[in-house]
Amino acid sequence: MNKKGFIGRRNFIRQSATLAAGISIIPRHVLGRGFIAPSDQLTKGIIGVGGMGRVHIGYPDTRLVAVCDVDKTHVAAAEKAAGQKIKTFHDFHELIALPEVDIVHIATPPHWHALMSIAAAKAGKDIWCEKPMTRTIGEGLRVKEAMQQNKRMFRLNTWFRFRDTFYGMNTTVKPIKKLVESGLLGWPLTVTVSKATGFDWKFYWIGKTDLSEQPIPPELDYDRWLGPAPYKPYHPHRVHGTFRGYWDYDGGGLGDMGQHYMDPIQYFLGKDDTSPVKVEVDAEQQHFDACGTFRKITYTYADGCKIILDGESKDASTPYIEGPKGKLFAGFQSTIPNLMEKIAAMPDPEPQMTDFVESVKTRIPFALNEVNGFRSCTLINMGKIALQLGRNLEFDPQKMQFIQDDAANRMINPPMRGPWHL
């Protein structure tokens, strides 16, 4: 079993601990439960308040000071939900320019994530970004560079690598990682994501292929909503709650749920510093505009590990993880006898920074940040490219390029609609 990823993470934790030791910040809990010093409460601004942005209007130890949206009805709803006086904007540049904003929360469709994250980083803000991290591989690389060049803290909003019951497994990821690292299942491993193992690909996120142009509602700035995406005539199915069904803005069920499902796999397989070398697709030919579904997508790493995205889920007996020495099924059932007792005796995985407010204060990178988040988002974007082209692809995870496939490589950095550019 390749331990390179595990060793790298140990070095990261040691370096982070050294950094934290040199910062004189008094944690809130030291001052007494319930006490919030003025300097202890961070401020935030939210860009995109039509859905998840409004859900996250309040989170602990922060104060909302501003929101931005291109739809006036969303702004009005956010103002009402905030229950206090806040600043409101139509142009996100104005929000990120506010000196009183510490954290910028980006809750727009994914085609805006990279531009807004990079602009916020250059403005000296820390960023909380909804998933998927970016719509393309090239955008992900630029976001990673911007965070590191501007020394910003970045959180990607999927959390299953560090908390909450992990879908159909009836457990957090922690014991799964302990099991994988123990070698009890053997190596290499195959992980299958399907309804049989508790995952729902949300295939209702498919686009329509017969859209006719509709009048643009007066409350919506559709041109700004499109932003860097190619111009397409307005139809309500393209925007707001159903935008995920179109390649220009997201990637269907894969774009919506892929990072939730695959980031924890990347974590427990120790793949935070690499990507697969091959992606294979079994699907109907995709429409050029509207996302469709897939029967199966298979990712293969250089060491033989595989991730299989099973869209059909015909076999209810499919194990979640299978290795040469054993299997792990939904509900944390296994072919390994006395598994729970064995796992209890194993060392815990190394600690993670799981509080973004503390991450901002101490400058210790969050558990899911621009580096490992870029790699798990790359899984999604590799799959999307293979689906759209309708063929299997080979990939170089160091050069971040497809091998001998010019069309696939052009999709790593597709052009943006003017005047937008990275």
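Details of the structure are given in the entry above.
What you are looking at is a predicted structure, and each value in this text was computed from that prediction instead of being measured. (Residues numbered from 1 in each chain as written. Predicted model: local features only at pLDDT ≥ 70, side-chain atom pairs only at ≥ 80, totals over all residues. Heavy atoms only, no water.)

Let's talk about the sheet that holds strand β3 (residues 87-89)
Which entries qualify depends on this criterion: Only strands joined by at least two bridges in the DSSP assignment are considered to pair. Comment: elements are numbered from the N terminus, with helices defined as DSSP H or I runs of at least four residues and strands as E runs of at least two. Only the contacting stretch of a helix is used when fitting its axis, a line to C-alpha atoms as for every element, and angles between N-to-C directions run 0 to 180 degrees.
Read across the sheet, 6 strands follow the order β3-β2-β1-β4-β5-β6 without closing on themselves; strand pairing throughout is parallel. Of all the strands in the sheet, just β3 and β6 (154-156) have a single pairing partner and so form its edges. Each strand axis lies, on average, 25 degrees off the axis of its neighbour in the sheet, ignoring direction. As defined by bridge partners, strand β1 (residues 42-47) adjoins strand β2 (residues 62-68) across 6 bridges and the pair is classed as parallel. Residue pairing across strands places Ile-47 opposite Cys-68, the latter belonging to β2.

Some points on the environment of Tyr-167
For the record, the criterion: For the exposure calls, accessible area comes from a 1.4 Å probe over protein chains only, and a residue counts as buried if that area is under 20% of its type's maximum, exposed if over 50%, partly exposed in between. Contacts between residues were defined by any pair of non-hydrogen atoms, one from each residue, lying within 4.5 Å.
Of note, Tyr-167 is situated in the loop between β6 and α8 (173-182). We classify Tyr-167 as partly exposed; its relative accessible area is 24%. Sequence-wise, Tyr-167 and Pro-397 are 230 residues apart; in three dimensions their C-alpha atoms are separated by 29 Å. The contacts of Tyr-167, once residues within four sequence positions are left out, are Phe-160, Gly-198, Phe-199, Met-257, His-260 and Tyr-261.

Some words on the packing of helix α6 (residues 113-122) against helix α7 (residues 137-149)
Heads up, the condition is: Note that the term roughly parallel is reserved for angles under 35 degrees, roughly antiparallel for angles over 145, roughly perpendicular for angles of 65 to 115, and oblique for everything else. As a working rule, the residues Ala, Val, Leu, Ile, Met, Phe, Trp, Tyr, Cys and Pro are called nonpolar, Asp, Glu, Lys and Arg charged, and the rest polar, with Gly in that last group.
Packing of α6 against α7 leaves a shortest axis separation of 9 Å and a crossing angle of 10 degrees. Relative to α7, the element α6 is oriented roughly parallel. Counted together, Ala-114, Ser-117, Ile-118 and Ala-121 of α6 and Glu-139, Arg-142, Val-143, Ala-146 and Met-147 of α7 form the full contact between these two elements. Considered class by class, the residues forming the contact of α6 with α7 number 6 nonpolar, 1 polar and 2 charged.

Some thoughts on the nonpolar core
Stated formally: Only buried Ala, Val, Leu, Ile, Met, Phe, Trp, Tyr and Cys residues count toward a nonpolar core, and they belong to the same one when joined by side-chain atoms within 4.5 Å.
One finds Ile-176, Phe-268, Leu-309, Tyr-320 and Ile-321 to be the most contacted residues of the largest nonpolar core, which totals 97 residues. Here Tyr-320 is in contact with Phe-166, Met-169, Ile-176, Thr-190, Val-191, Thr-192, Thr-197, Phe-199, Ile-265, Phe-268, Leu-328 and Phe-329, once residues within four sequence places are set aside. Grouped together as the second largest cluster of nonpolar side chains are 12 residues, Leu-220, Tyr-222, Trp-225 and Tyr-246 included.

Concerning the layout of surface pockets
Note the following rule: In this analysis the probe radius is 1.4 Å and the grid spacing 1 Å, with only protein atoms considered; a cavity is a set of points the probe fits into but cannot get out of, a pocket is an open set with protein on both sides within 12 Å along at least five of seven lines, and lining residues have an atom within 4 Å of a point. Grid points are joined across faces, edges and corners, and a volume is the space filled by probe spheres set on the points.
When its volume is computed, the largest pocket comes out at roughly 690 Å³. Considering every element that reaches the lining of the largest pocket, the biggest residue donor is helix α10 (residues 252-269), with 3 residues. Class assignment for the residues of the lining of the largest pocket results in 16 nonpolar, 11 polar and 8 charged.

As for the side chain of Thr-362
As a reminder, the rule being used: Polar contacts here mean pairs of N or O atoms no more than 3.5 Å apart (in protein, one a potential hydrogen donor and the other a potential acceptor; neighbouring residues in sequence count only if both atoms are side-chain atoms).
Among the secondary structure elements, Thr-362 is positioned in helix α12 (residues 356-362). A relative accessible area of 13% means that Thr-362 is categorised as buried. A polar side-chain atom of Thr-362 sits 2.7 Å from the main-chain carbonyl oxygen of Glu-358.

Some points on unusual backbone geometry
Here the amide bond leading from Trp-187 into Pro-188 is cis, since omega sits at 5 degrees, within 30 degrees of zero. Counting through the fold element by element, Pro-188 comes out in the loop between α8 and β7 (190-193). The peptide bond linking Gly-418 to Pro-419 adopts the cis configuration, its omega dihedral lying at 5 degrees. With respect to the helices and strands, Pro-419 occurs in the segment after α14 (406-410). A positive phi angle, close to 50 degrees, is found at Lys-202, a residue other than glycine. With respect to the element layout, Lys-202 can be found in the loop between β7 and α9 (222-226). Assessed through its relative accessible area of 24%, Lys-202 is described here as partly exposed.

Function cannot be inferred from these measures alone, as they are strictly geometric.
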